[in-house]
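The lines below spell out each chain.
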Amino acid sequence: MRLPLHLNNKLLEIEKLSVQFKTDSGAIEALRPISFTVLEGEILGVVGESGSGKSVTNLALMGLLPANAQITAQKVVFNKNPLNLNSQKDLRAIRGSQIAMIFQDPMTALNPSLTVGYQMIETLRCHFDISKKVAEHRSLALLKRVGISNPEARLKSYPFELSGGMSQRVMIAMAISCHPKLLIADEPTTALDVTIQKQILDLLLDLQKENKMSMIFVSHDLALIKKYAHRVQVMYAGEIVEGGNTEEVIKTPRHPYTFGLLKARPSAHEGKMKEPLYAIPGVVPSLRERPSGCQFHPRCFRATELCKKQAPLLTTAARNFACHHPLEIL
Amino acid sequence: MFLFLSKKILEVSFTLVGITFICFLLLRLVPGDPVLLMIGERNMDPVAYAEAKQKLGLDKPVLVQFGKYIEQVASGDLGTSVTSKTSVWTEFKERFPATVELSFVALLFATLFAIPFGVLAALKKNTFFDYFLMGSSLTGYSMPIFWWGLVLILLFSVKLGWTPVSGRIAVEYDIPLKTGFYLLDSLQRDVREAEGLKPFWSAVSHLILPSIVLGTIPLAVMARMTRSSFLEVLGEDYIRTARAKGLSEYRVVLIHSFRNALIPIVTTLALCFGSIITGAILTETIFSWPGIGRWIVTSITSRDYPTIQGGVLIISVIIIITNTLVDLLYIYLNPRIKNALLK
Amino acid sequence: MKDFFSELLKDIKKNKGAFAGLLLILIFILLAIFAPLLSVYAPDQVIEGALRLPPNSHFQNYYFIFGTDDIGRDLFTRLLYGSRISLLVGLSVVVLAASLGTSLGLISGYFGGWTDRIISRAMDFIMALPSVLFAIVIVAVLGPGLMNAIVAVSIVALPNFVRLIRAQVLAEKNKQYVQAAQLYGASHLRILFKEILPNCMAPLIVQGSLGFSDGILNCAALGFLGLGAQAPTPEWGTMLSDARSFLESSPWMVNLPGLCILTVVLSFNLLGDGLRDALDPRLKNRS
């Protein structure tokens, strides 16, 4: 998917954001200084295995990390205003209203002892000075918009009476209810059936266009990223290893890790049923015992002595990667 | 729902029969002659003895005796006290309100302090404040309350003279009992007209120390429970959602966490209801509080076995019923279970 | 097994509360063992004329660090010997309740069916009655005395152990290593004691520590009510009860035994809490 050309104002600009967790057995570097931007109206895909730092980035942005997290950032600008990620006051002002988030498991993300209606109305009334009646009216419209049948009845339901797909629709309705400029969708469909998955993502795409909002779409599934994201950013062990326009990155990956991810997709495997599915050898390194040099070198088929000694820097162009021995453009 | 209720009732009646059987056995297991135990040892001639034995049905087989005992209990006859010669039920009725009043105030005191303490400790996890609160609560939990009561008497009654040492109300007030709860009875119109609010404040001042003593362990248990329950809930996904929605911390804690954290807290509170009688026995002994705890202890020291038997039976029945009600409350608080049962 | 304990000790050292508890317990154990060496008096030795002397008093050529009681016995000595009684009471309660409770729990969980139902119901009965009330009933039947109090308190503690072990057995029973042992034709007893029981050790140790404090506290409470140890025995609860009438004039006679009970009970609770944190893997991962 290509980004419409007129949309290239920066909505979010982050420079050198890092996160450490203090624990009894020393500090864990969950996020090494990373820099990236989100443009107005774009969908930025973020890919990586678990532990790669995708979720930590988003939670840091929302101020939802646990108390033992230490966040440092050189510069964070959101919607042309500087933002202090260590100030809960700053963050509360934009949370929910300017930046909204939907989570992986919709079944646990809604409060089990409050009705759907209560949770929706509460959100609306938290950010707008409106009566309960008006909020209820808007909630109904929102539920209708996200494709929930019989919204009147659903307002009175408790979350456990809803299916996973419906719960995620409610979460989406709640997230867009205050017209956020940025929606963070953290693996929004991983916990759902494949059939529901497409409906939810199409809905998100429609809403994104309709409300002209930007979206950070986190997924480990490259096929979904390819279909829905304008730009993509690949993360590994708390670092960004590659980024650029989705089509380019997928067509000509430069980092061996991205290459491995692409090769490991079941769809890349079509027509070669006799061969076993490719898997990147080894596992994501423990953040407690990081390897030296390039974080990926123990698993990389192109690694040399240099990779062990020295960490590669991320190139500065829009189409960037961090590798000493990048794959050639064919 | 119906199935669940009937299962519950069956379970409870099973336990009730078991308890009754234990109480029935009690008098037969005690060393010595049960006839003498039941009617007292004074002024006993052989003819009266034989009569009593037959009257008590002790010449029949054990199971028949048990059947008879159940029949007797079901008709409200719990035996007659050896020492006072009044029926156990009457004696119980006179003392029960005192214990209920004390327990209620003690649990109220415990709840009012435990929940805020527990919530604060959870929110300030691993700070000095948290350690201090949890250290105090473990100390409270380990407290021999019979000593704690004496320490408080020494400090507040003897040294400072703030609170009375024993009883439920100052002796000069003789208020007519309607409910048996002095806090209510002292507010009756004719009492108020005659004495003003003085009797009420006297009753309140008599309640302070015993309630603190009786409430100490429930306070400690509930504060710890509240903390861990809150910590668990605060780690849930839906709390993250609530924060992500931009809700104020106040709403996150009070609306989103509280209700879910409340379920185990209420369960603990209810379990405290059951175990409070243990504390009441000790507290009432220390403060000469005329309730059922002291009643049981006195009946043991005076070897008044019919009173022990009847008293233990009533107390256990009350506790079992309370615990059952708690189970139902638990269901009511948990919409998931409630809906599953209603269907 | 050795690894298990050294690992455990390491965890306890990390937890300040548990470590303090363990230290206090060790001190009390040493005091109890060396009581005759630490005091020049016998616990029931009456010093003529030295009635209710406050702590730190000299009388003729005697010295009483904690004062004397109403008939002229040295309070320090009585408290010292009282620690013997309390620790022994705690130990007996835990040993009695744990051994019987473990056996019943193992049988109940492993064999299931009617045995299980009968044992579980019996435990429900005990649980339905408040602990001291139940102990009172038992003491009423057996008559007051330290031994009877111990029996009563042990029975009250029984359901905790039975339920704990039963739940563990149910969890372990279906695991592969137990089924493998069954396939090899190992006897029930062998499976129970060699395979299942070692895996119940962790919760058993925690419950043991907490049972210790409960046992001491409940026995002291019975002593206070006049249903436990009888008069000349230097049991803390009994001493406290006997000293009640001197609360105003000689508060140390009440406060010192009370403080002793609190300290010992608190130590075991601290240790028990720390052990639970160390041994419960669920809690361990969370923090």
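Source: prediction; values computed, not measured.

## Some thoughts on the overall build of chain B
Helix and strand counts for chain B stand at 15 helices and zero strands. Taken along its principal axes, the extent of the C-alpha atoms in chain B is 85 × 55 × 40 Å. Per-residue burial over chain B gives 41% buried out of 343 residues. Within chain B, residue pairs in contact and separated by at least 24 positions form 71% of the contacts whose partners lie at least 6 positions apart.

## Here's the deal with the packing of helix α4 (residues 116–127) of chain A against helix α7 (residues 164–176) of chain A
Residues and elements named next belong to chain A. Axis separation between α4 and α7 bottoms out at 9 Å; the angle between their running directions is 20°. Overall, the two elements α4 and α7 adopt an arrangement that is roughly parallel. The handedness of the crossing between α4 and α7 is right-handed. Along the contact surface, α4 presents V116, Q119, M120 and T123, while α7 presents V170, A173 and M174. In terms of residue class, the contact of α4 with α7 is built from five nonpolar, two polar and no charged.

## Section: the environment of K226 of chain A
Residues and elements named next belong to chain A. Locating K226 in the fold gives a position in helix α9 (residues 222–228). Expressed as a C-alpha distance, the spacing of K226 and L65, which sit 161 residues apart in the sequence, is 29 Å. With near-sequence residues (within four places) excluded, K226 lies in contact with T246 and I250.

## A closer look at the arrangement of the chains
With two pairs of chains in contact overall, the greatest share of contacts is found between chains B and C. Note that chain A does not reach chain C: the shortest distance linking a C-alpha of one to a C-alpha of the other is 9 Å.

## Some points on the pairing of strand β8 (residues 214–219) of chain A
Residue and element names in this part refer to chain A. Of all six residues making up β8, six are buried, and the element is well covered by its neighbours. On β8, burial covers both faces: S214, I216 and V218 on one face and M215, F217 and S219 on the other are all buried. Across five bridges, the pairing between strand β3 (residues 43–47) and β8 is parallel. The residue bridging V46 from the neighbouring strand is V218, located in β8. At this point the chain moves from strand β7 (residues 182–186), through helix α8 (residues 194–211), to the parallel β8, and the crossover so formed is right-handed.

## Quick notes on the sheet that holds strand β9 (residues 231–236) of chain A
Adjacent strands of a sheet form backbone hydrogen bonds with each other and so pair up, either parallel or antiparallel. Residue and element names in this part refer to chain A. Read across the open sheet, the seven strands follow the order β6-β7-β8-β3-β9-β10-β11; overall the sheet is mixed. If you trace the sheet from one side to the other, it starts and ends with β6 (99–102) and β11 (320–321), each paired once. Pairing between β3 and β9: four bridges, direction parallel. From the neighbouring strand, V46 faces β9, where its bridge partner is Q233.

## Points about the interface of chain A and chain B
By a widespread convention, an interface's size corresponds to the accessible area lost as its parts come together. Chain A puts 21 residues into the contact, and the matching count from chain B is 16 residues. Elements with a minimum of two residues in the side of chain A that touches chain B: α3 (106–109) and α4 of chain A. If you tally residues by element for the side of chain A that touches chain B, the top one is α4 of chain A, at three residues. Looking at the side of chain A that touches chain B residue by residue, the classes come out as eleven nonpolar, seven polar and three charged.

## A word on helix α12 (residues 252–279) of chain C
Taking 1.5 Å of rise per residue, 28 residues should cover 40 Å, and α12 of chain C covers 40 Å from first to last C-alpha, within 8% of that figure. The buried fraction of α12 of chain C is high, at 20 of 28 residues.

## Description of the nonpolar core
If you look at the biggest cluster of nonpolar residues, it comprises 249 residues, and the most contacted ones within it are M222 of chain B together with L133, A135, I136 and A149 of chain C. Beyond its immediate stretch of four places on either side in the chain, L133 of chain C contacts I277, T278, I281, V312 and I315 of chain B.

Calculation notes
- Residues numbered from 1 in each chain as written.
- Chains lettered and ligands numbered in written order.
- Predicted model: local features only at pLDDT ≥ 70, side-chain atom pairs only at ≥ 80, totals over all residues.
- Helix = DSSP H or I, 4+ residues; strand = E, 2+ residues; numbered from the N terminus.
- Buried ≥ 20, exposed ≤ 12 C-beta atoms within 10 Å, placed from the backbone.
- Contact = placed C-beta atoms within 7 Å.
- Axes fitted to C-alpha atoms, helices over the stretch in contact; angles between N-to-C directions.
- Parallel < 35°, antiparallel > 145°, perpendicular 65-115°, else oblique.
- Left-handed = near helix turned anticlockwise from the far one by under 90°.
- Nonpolar A, V, L, I, M, F, W, Y, C, P; charged D, E, K, R; others polar.
- Pairing = 2+ DSSP bridges.
- Right-handed = clockwise from strand over helix to strand, strands pointing away.
- Expected span 1.5 Å × (residues − 1).
- Core = buried A, V, L, I, M, F, W, Y, C linked by C-beta atoms within 7 Å.

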